[in-house]
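Chains, contacts and geometry: an overview
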Amino acid sequence: MRAILVTGGGGQLGTALAKHVWPQGYHVITSDTADLDLTDTAAIAAKVAAGHDGRPFAAVINGAAYTAVDKAEDDVVTAWAVNAQAPAAFAAACKAAAIPLVQVSTDYVFPGDKDGAWEVDDAVAPLNVYGASKLGGELAVRTGTPHHVIVRTAWVVSATGHNFIRTMLRVGADRPALSVVADQHGSPTSATDLAAALATIAVRLIEDPDAPTGTFHVSNAGATSWAGFAEEIFRQAALRGGPSPIVQPIATADYPTPARRPANSLLSHVAIERAYGIRPRDWQAALSDILDELLGPTS
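Now for a quick tour of the structure.

Criteria and thresholds
Residues numbered from 1 in each chain as written. Predicted model: local features only at pLDDT ≥ 70, side-chain atom pairs only at ≥ 80, totals over all residues. Heavy atoms only, no water. Phe/Tyr/Trp six-rings, centres within 6.5 Å; stacked < 30°, edge-to-face > 60°. Helix = DSSP H or I, 4+ residues; strand = E, 2+ residues; numbered from the N terminus. Buried < 20%, exposed > 50% of the residue type's maximum accessible area, 1.4 Å probe, protein only. Axes fitted to C-alpha atoms, helices over the stretch in contact; angles between N-to-C directions. Parallel < 35°, antiparallel > 145°, perpendicular 65-115°, else oblique. Left-handed = near helix turned anticlockwise from the far one by under 90°. Contact = heavy atoms within 4.5 Å. Nonpolar A, V, L, I, M, F, W, Y, C, P; charged D, E, K, R; others polar. Pairing = 2+ DSSP bridges. 1 Å grid on protein atoms, 1.4 Å probe; cavity = no way out; pocket = protein on both sides within 12 Å on 5 of 7 lines; lining within 4 Å. Points joined across faces, edges and corners; volume = space filled by probe spheres on them.

A few words on the packing of aromatic side chains. In the structure shown here, the tally under the stated rule is 8 aromatic pairs. Taken together, a centroid distance of 5.2 Å and an interplanar angle of 25 degrees make the contact between F164 and F229 stacked. Pair noted here: F164 is in helix α5 (residues 164-172) and F229 is in helix α7 (residues 226-238), with a separation of 65 residues, a long-range link. The same class applies to F164 as to F229, namely buried.

See below:
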């Protein structure tokens, strides 16, 4: 049995990776802040070196991150410790153990000023501390171990945890109208679909010594704005007896936050399709599955 260490076990992605149906002979060992302090690089090294049940891990998927984007503006040291130093420690530990590392990164490494989808080799220029710290993690992994894949994603949502869908449903149940930013664009990403992609990548890295390494993008297909996303959430929710308030589009300037957000977070899938044959489905279909979990299927 091959064990894969998954960090961020209590989050949306970690939960999805634990629920994912892995190929026969594989299983995941999830870790969260309760059993692994990501600011403790020695603890990370020891965790990877220890393996599971007396055997080395087959791979590590580092899905843990400091994701409080606005809080990171004032909590710079912790953000960098979790998002950059921890990946550096995982990279060193994975190299020492001769196992692959899959590192999850973010659209926030880009400045958001491009027309069209961001390619994996486009110039990076983060706008905030969170994005800068995640870019630091990318650099640490690239220089720390050659046997790695970095997966950038965006707008992750699921039926669990804190995310945009659950927030909209909660707030929309109490208000007749909601104001939502309409000039930030991207692709929502189902944690379930992202987990399936990461599993495909991890298994290939384990089984195929010539598996592609480097940086790739995974999100659901199609583009929308936060306001457009909210409108579709409520359109589909109404079919299930859920809330359907009016969505009032507003500009980013009308909803100031401590951290600047990229105006365009759309990620190109060309590289991941070419290297791993992964063709993400439309975000609307992924949303439907999530709402089936939260509200039940359409009648």
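Before going further, it helps to examine the packing of α7 against helix α9 (residues 283-295). For the pair α7 and α9, interaxial distance at closest approach is 10 Å and the crossing angle is 50 degrees. Considered as vectors, α7 and α9 are oriented oblique to each other. In this structure, α7 meets α9 at a crossing whose hand is right-handed. Every residue of α9 that contacts α7 at G228, F229, E232, I233, Q236 and A237 is listed here: W283, Q284, L287, S288, L291 and L295. Class assignment for the residues of the contact of α7 with α9 results in 7 nonpolar, 4 polar and 1 charged.

So, about the packing of α5 against α7. Following both chains from N to C, one finds α5 and α7 inclined at 65 degrees, their axes separated by 10 Å at the closest point. Considering how the two elements wind past one another, α5 and α7 form a crossing that is right-handed. Residues F164, I165, M168, L169 and G172 of α5 lie in contact with α7, whose contacting residues are W226, F229, A230, I233, F234 and A237. Residue classes in the contact of α5 with α7 are distributed as 10 nonpolar, 1 polar and no charged.

Once that is clear, we can look at the sheet that holds strand β2 (residues 26-31). The strand order β2-β1-β3-β4-β5-β10 describes an open sheet built from 6 strands, whose pairing is parallel. Unpaired on one side and paired on the other, β2 and β10 (214-217) mark the two borders of the sheet. Going from strand to strand, the sheet's axes swing by 20 degrees on average, the running direction of each strand aside. Where strand β3 (residues 59-62) meets strand β4 (residues 101-106), 3 bridges bridge the pair, whose relative direction is parallel. The residue of β4 that forms the bridge with N62 is Q103. This element, helix α3 (residues 76-97), spans β1 (2-7), β3 and β4 of the sheet and lies at about 160 degrees to β4.

Another point: the layout of surface pockets. Taken as a whole, the second largest pocket holds about 220 Å³ of empty space. Looking at the second largest pocket, it is lined by 17 residues, and the ones nearest its centre are A16, K19, S158, T192 and E293. Those elements that place two or more of their residues in the lining of the second largest pocket are α1 (12-19), α6 (191-207) and α9. Looking at side-chain class alone, the lining of the second largest pocket contains 6 nonpolar, 7 polar and 4 charged residues.

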